[in-house]
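Given next are the chains, with one letter for each unit.
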Amino acid sequence: MKSAVTVALDPCFAAGPFVFHDLPTAVEQAKQLGFDALELFPGDPQSLPDPAALGGLAVSAVGSGAGWVKHKLSFTSPDADVRRKAKQFVRDLSVAAARFNAPVIIGSMQGRWGDGLTRDEALGWLAEALAELGDVPLLYEPLNRYETNLICTLADGVDFFTRFGLTNVKLLADLFHMNIEEADMAAAIRSAGSHVGHVHFADSNRRAVGGGHTDLGPVLAALNDVGYAGYLSAEVFPLPDSVAAATATMTAFRQFVR
Ligand code: LER
Ligand code: MN
């Protein structure tokens, strides 16, 4: 497994669960602490940095959260024009992310059902978007119940992929969301198996691993047992500050992985 740390690149993420909020500091600290990669959350596709600005670090993934947080785009909006713009936003992001060979995360842009929209209609539109974008590597992220009512567990994610024949998409297992929604985090990872394509490495309270009460040993054992070799990416609050959260993450990574 490889280590990554998140960097928000837009003021719309100022209060979000990202370790760093400016690129030069992130590059300097990530290199110093020995991270393999940065995970980038731009406000727009055109604000992804030049690869040369990353000082040799890889990019684990590119987040599309600004599509919702900044531009209010969603794959399950009742407005067809908003859905079309949402797909174009992710398409443009994926073109920019290809410079880094990085997949694009679909998290909050999935939206929710309700207000006259049935769950089946919403899932249909979500599946249509993921299928249309199927030529680019995508990571689909189940979120906790306070952020979506579409798919909140890994098992529901696998069922969704199977029902709509989505073979291009992998699951993003965010340990913070899983702590809220899964009955047994390790068992959920074992059941999802090779569908797991990415991990957000966070403790129960969304602090760096070690700062909450999640029992990480069985979770890491499950990831090892399913042959997971991707990133453990710290998507956590910069608490007590960015450098401390990054340092704690690397301590945990070395404890559990190396
Ligand atoms: C995005 O990766 C995520 O986990 C969402 O909860 C956004 O905060
Ligand atoms: Mn996440």
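Relevant structure appears above.
Residue numbers restart at each chain and count upward from 1, following the sequence in its written direction. Think of it this way: whatever chain is written first is A, whatever ligand is written first is 1, and the rest follow in order. Where totals are concerned, whole chains, interfaces and linings use all residues; where local detail is concerned, this predicted model gives features only for residues with pLDDT of at least 70, and gives and counts side-chain atom pairs only at 80 or more. As a rule here, side-chain values come from all non-hydrogen atoms in the structure, and water together with hydrogens is ignored.

Examining the environment of Pro51
Numbering of helices and strands starts at the N terminus; helices are DSSP runs of H or I of at least 4 residues and strands are runs of E of at least 2. Among the secondary structure elements, Pro51 is positioned in the loop between strand S2 (37-41) and strand S3 (58-63). A residue is classified by how much of its surface remains accessible, and Pro51, at 36% relative accessible area, is partly exposed. In sequence terms Pro51 and Arg119 are 68 residues apart; their C-alpha atoms lie 40 Å from each other. It only takes one pair of heavy atoms within 4.5 Å for two residues to be counted as in contact. Sequence-distant contacts of Pro51, defined by excluding residues within four places in its chain, comprise Arg99 and Phe100. Only protein chains enter the accessibility calculation, which uses a 1.4 Å probe. A residue is then buried if its area is under 20% of the maximum for its type, exposed if over 50%, and partly exposed in between.

A look at the coordination of the manganese ion (ligand 2)
With water excluded from the atoms, a metal site may look incomplete; its donors are any N, O or S atoms within 2.8 Å, or within 3.2 Å for Na, K and Ca. All of the protein donors around the manganese ion (ligand 2) are Glu141 (OE), Asp174 (OD), His200 (ND1) and Glu235 (OE); their distances to the metal are 2.1 to 2.2 Å. Site shape is set this way: if four donors have all angles between 85 and 135 degrees, tetrahedral; if opposite donors are over 155 degrees apart and all others between 65 and 115, square planar for four donors and octahedral for six; otherwise irregular. Here the manganese ion (ligand 2) is ringed by 6 donor atoms whose angles at the metal span 69 to 172°, and the overall shape comes out octahedral. Read in sequence order, the donor residues for the manganese ion (ligand 2) give the motif E-x32-D-x25-H-x34-E. With Glu141 in the loop between strand S5 (138-140) and helix H5 (154-163) and Asp174 in strand S6 (residues 169-174), this residue pair connects regions lying 33 residues apart in the sequence.

Observations concerning unusual backbone geometry
For residues besides glycine, phi is generally negative; the peptide bonds are generally trans as well. In this structure, Pro240 follows Leu239 across a cis peptide bond, with omega equal to -5°. As for its position among the elements, Pro240 is in the loop between strand S8 (231-234) and helix H9 (242-256). One non-glycine residue, Lys72, lies in the positive phi region at around 55°. Assignment of secondary structure puts Lys72 in the loop between helix H2 (66-69) and helix H3 (80-97). Classification of Lys72 by relative accessible area gives partly exposed; the value is 47%. Here the phi dihedral of Asp115 falls at roughly 50°; this positive angle occurs in a residue that is not glycine.

Focus: H9
Under the convention used throughout, the expected extent of a helix is 1.5 Å for every residue step, that is, one less than its residue count. Counted at 1.5 Å a residue, the expected span for H9 with its 15 residues is 21 Å, and the 21 Å between its end C-alpha atoms agrees. Those residues of H9 that sit buried are Ala245, Ala246, Thr249, Met250, Ala252 and Phe253. Angularly, the buried residues of H9 cover 165° about the axis, an arc narrow enough to put them on a single face. Among the exposed residues of H9, those oriented more than 90 degrees off its buried face are Thr251 and Gln255. On its buried face, H9 is in contact with strand S1 (2-8), helix H1 (23-33) and S8. The N-cap of H9, judged by a side-chain oxygen 3.2 Å from the amide nitrogen of Val243 a few residues on, is Asp241. The arc in question is the one spanned by the directions pointing from the helix axis to the C-beta atoms. Two N or O atoms form a polar contact when they lie within 3.5 Å of each other; inside protein one atom must be a possible hydrogen donor and the other a possible acceptor, and for residues adjacent in sequence the pair counts only when both atoms belong to side chains.

With respect to the packing of aromatic side chains
Centre distance within 6.5 Å is the pairing criterion for rings of Phe, Tyr and Trp, where only the six-membered ring of Trp is used; planes under 30 degrees apart are then read as stacked, over 60 as edge-to-face, and the remainder as tilted. Scanning the entire structure with this criterion turns up 7 aromatic pairs. Ring geometry for Phe18 against Phe41: centres 4.5 Å apart, planes inclined by 45°, an arrangement best described as tilted. With a gap of 23 residues between them, Phe18 in the loop between S1 and H1 and Phe41 in strand S2 connect regions that are remote in the sequence. Taking the relative accessible area as the measure of exposure, Phe41 reaches 5% and is therefore buried. Plain terms: the ring middles of Tyr140 and Phe160 are 5.9 Å apart, the flat faces sit at 45° to each other, and that makes the pair tilted. With Tyr140 in strand S5 and Phe160 in helix H5, this pair connects stretches of sequence that are 20 residues apart. Residues Tyr140 and Phe160 agree in their burial class; the two are buried. Taken together, the ring pairs connect Tyr140, Phe160, Phe161 and Phe164 into an aromatic cluster. Cation over ring: Lys72 sits above Trp68, and NZ or CZ is 4.7 Å from the ring centre. Here, over-ring charges are defined by two tests on the NZ atom of lysine or the CZ atom of arginine: distance to the ring centre within 6 Å, and angle to the ring normal within 35 degrees. Directly above the aromatic system of Trp125 lies the positively charged group of Arg83, at a separation of 3.6 Å from the ring centroid.

Honestly, that's just the spatial picture; any functional story needs more than this.
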